[in-house]
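# Coordinate inspection notes
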2 protein chains.
Amino acid sequence: MVTTSSESQLPSSPYRADCPTRRILDRIGDRWTVLIVGALWDGSARFSELRRRIEGVSQKMLTQTLRALERDGLVQRTVYPEVPVRVEYTLTEAGRTLREPLRALEEWSITHLSDVSASQKAYDRAAS
Amino acid sequence: MVTTSSESQLPSSPYRADCPTRRILDRIGDRWTVLIVGALWDGSARFSELRRRIEGVSQKMLTQTLRALERDGLVQRTVYPEVPVRVEYTLTEAGRTLREPLRALEEWSITHLSDVSASQKAYDRAAS
DNA sequence: CGGTATCCTGACTGATACTG
DNA sequence: CAGTATCAGTCAGGATACCG
């Protein structure tokens with residue numbers, strides 16, 4: 001699972017922040033990425049459409065997150081120079097491969113989140 | 001497709017921040033959680049041992065993250081009232097179930113991160 | 001329509017000092 | 001050893017205004 005990268009370190013090489021799992025979490029662990037990927041899953045969408053679909057996202061964060069996804073090659077941005085301009089966002093092939101790990105997370109969440117909630121309540125009760 | 005009258009607002013907001021995937025990312029998407037889980041994977045460890053194993057973690061963040069994991073029921077904390085005191089941290093059953101989703105992420109990372117890096121470089125080159 | 005640019009606030013994080 | 005407490009810096013992210 002969590003391993004260090006293949007730098008030829010000493011055998012005592014600890015758990016470094018550049019392990020693969022942490023690096024991908026840096027990419028998708030932010031507030032909006034997985035919601036955008038989810039919103040694009042069924043096909044392309046325009047900027048305004050995405051903004052409407054994703055509850056609470058600001059224009060700035062939507063732009064910023066889409067740009068990051070485009071830079072990573074996970075989302076393709078296509079500009080149609082009509083008047084007014086139309087911009088479509090689509091998941092790339094690579095972007096679609098994110099589905100599996102995301103679904104694994106979702107499954108864990110669905111099966112364990114109620115236990116986690118219960119544990120939190122018990123912990124908080126004991127603390128008081 | 002979800003269509004609703006203007007009176008019903010329940011089905012009209014598809015991608016909410018409280019979706020299961022986002023909620024679990026809120027828990028494990030931070031800087032240290034997955035590294036701690038990884039460091040505990042092979043068995044229990046004491047506080048100092050963890051601190052030595054996880055590169056760059058501060059005392060404060062290690063404590064804070066371990067407390068959160070304990071509160072969530074993913075890590076068990078056991079105090080042995082010796083002198084000096086000894087404290088052992090162990091993954092719970094629930095904590096161990098995190099392995100599957102984390103491994104899915106790791107696998108994605110390993111197979112796609114070089115493509116992502118290449119895409120970033122191309123993107124940045126085009127931007128200049 | 002689909003953005004940029006700018007300012008600002010609160011959360012996350014680290015450094016440091018102290019303690020049972 | 002295994003923390004707690006306090007302070008300070010960084011930065012993600014929101015609000016707002018403007019633009020091609």
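Residues numbered from 1 in each chain as written. Chains lettered and ligands numbered in written order. Predicted model: local features only at pLDDT ≥ 70, side-chain atom pairs only at ≥ 80, totals over all residues. Heavy atoms only, no water.

Looking now at the layout of surface pockets. By volume, the largest pocket is sized at about 410 Å³. Lining the largest pocket are 17 residues, and of these Val-34, Gly-38, Leu-102 and Glu-106 of chain A together with Thr-21 of chain B lie nearest its centre. At the level of secondary structure, the elements contributing two or more residues to the lining of the largest pocket comprise helix H2 (33-39) and helix H6 (99-127) of chain A together with helix H1 (20-28) of chain B. Residues belonging to the lining of the largest pocket are distributed by class as follows: 9 nonpolar, 2 polar and 6 charged. (1 Å grid on protein atoms, 1.4 Å probe; cavity = no way out; pocket = protein on both sides within 12 Å on 5 of 7 lines; lining within 4 Å. Points joined across faces, edges and corners; volume = space filled by probe spheres on them. Helix = DSSP H or I, 4+ residues; strand = E, 2+ residues; numbered from the N terminus. Nonpolar A, V, L, I, M, F, W, Y, C, P; charged D, E, K, R; others polar.)

Many analyses report the size of an interface as the accessible area lost when the parts associate. Listed as interface residues are 53 residues of chain B and, on the opposing side, 50 residues of chain A. With both sides pooled, the region where chain B packs onto chain A buries about 4900 Å², and carbon together with sulfur makes up 65% of that total. The interface formed by chain B and chain A contains 4 salt bridges. Of the charged contacts, one joins Arg-71 of chain B and Asp-124 of chain A as a salt bridge, the two residues approaching to 2.4 Å between their closest N and O atoms. Along the contact surface separating chain B from chain A lie 28 residue pairs in polar contact (both at pLDDT 80 or more). For the side of chain B that touches chain A, the secondary structure elements donating two or more residues are H1, helix H2 (33-40), helix H3 (47-53), helix H4 (59-71) and helix H6 (99-127) of chain B. Per element, the largest residue contribution to the side of chain B that touches chain A is 17 residues, and it comes from H6 of chain B. For the side of chain B that touches chain A, the per-class residue count stands at 26 nonpolar, 11 polar and 16 charged. (Contact = heavy atoms within 4.5 Å. Buried area = accessible area lost by both parts, 1.4 Å probe. Salt bridge = Lys/Arg side-chain N within 4 Å of Asp/Glu carboxyl O. Polar contact = N/O pair within 3.5 Å; in protein donor to acceptor, adjacent residues only side chain to side chain.)

A word on the protein's contact with DNA strand C. Within the structure, DNA strand C sits among 17 residues, and Ser-48, Gln-59, Arg-77 and Tyr-89 of chain A together with Lys-60 of chain B are positioned closest to it. A share of 59% is what sugar and phosphate atoms reach among the atoms of DNA strand C within 4 Å of the protein. Here a phosphate oxygen of DNA strand C sits 3.0 Å away from a polar atom, N or O, in the side chain of Arg-46 of chain A. Backbone polar atom of Val-87 of chain A to a phosphate oxygen of DNA strand C: 3.4 Å apart, as the coordinates give it. Mapped by element, the contributors of at least two residues to the surface near DNA strand C are helix H3 (47-53), helix H4 (59-71) and strand S3 (86-91) of chain A together with H4 of chain B. Residue composition of the surface near DNA strand C, grouped by class: 7 nonpolar, 4 polar and 6 charged. (Near = heavy atom within 4 Å.)

The next thing to look at is the sheet that holds strand S1 (residues 45-46) of chain A. Residue and element names in this part refer to chain A. Strand order in this open sheet of 3 strands is S1-S3-S2, and the pairing throughout is antiparallel. In the strand order of this sheet, the two ends are held by S1 and strand S2 (75-80), each with one partner. As paired elements, S1 and S3 share 2 bridges and run antiparallel to each other. In the strand pairing of S3, Arg-46 is matched with Glu-88. Along the sheet, H4 contacts S2 and S3; its crossing angle with S2, the most-contacted strand, is approximately 110°. (Pairing = 2+ DSSP bridges. Axes fitted to C-alpha atoms, helices over the stretch in contact; angles between N-to-C directions.)

Glancing now at the packing of H6 of chain A against H6 of chain B. Axis separation between H6 of chain A and H6 of chain B bottoms out at 8 Å; the angle between their running directions is 170°. By the criterion of interaxial angle, the relationship of H6 of chain A to H6 of chain B is roughly antiparallel. Residues Pro-101, Ala-104, Leu-105 and Trp-108 of chain A of H6 of chain A form the contact with H6 of chain B, whose participating residues are Pro-101, Ala-104, Leu-105 and Trp-108 of chain B. Looking at side-chain class alone, the contact of H6 of chain A with H6 of chain B contains 8 nonpolar, no polar and no charged residues. (Parallel < 35°, antiparallel > 145°, perpendicular 65-115°, else oblique.)

So, on to the environment of Met-61 of chain B. Position of Met-61 of chain B among the secondary structure elements: in helix H4. Sequence separation between Met-61 of chain B and Arg-31 of chain B is 30 residues; the distance between their C-alpha atoms is 9.2 Å.

On to the relation of the copies chain B and chain A. The operation linking the two copies of the chain is a rotation about an axis combined with a translation along the axis. Of the transformation superimposing chain B on chain A, the axial component is 0.0 Å and the angular component is 180°, with the fit at an RMSD of 0.2 Å. Accordingly, the operation relating the two chain copies is best matched by a two-fold axis. No C-alpha of chain B approaches the rotation axis more nearly than that of Gly-29 of chain B, which lies at 2.4 Å. (Least-squares fit on C-alpha atoms with pLDDT ≥ 70 in both.)

Without other data, these values stay purely geometric and don't point to any function.
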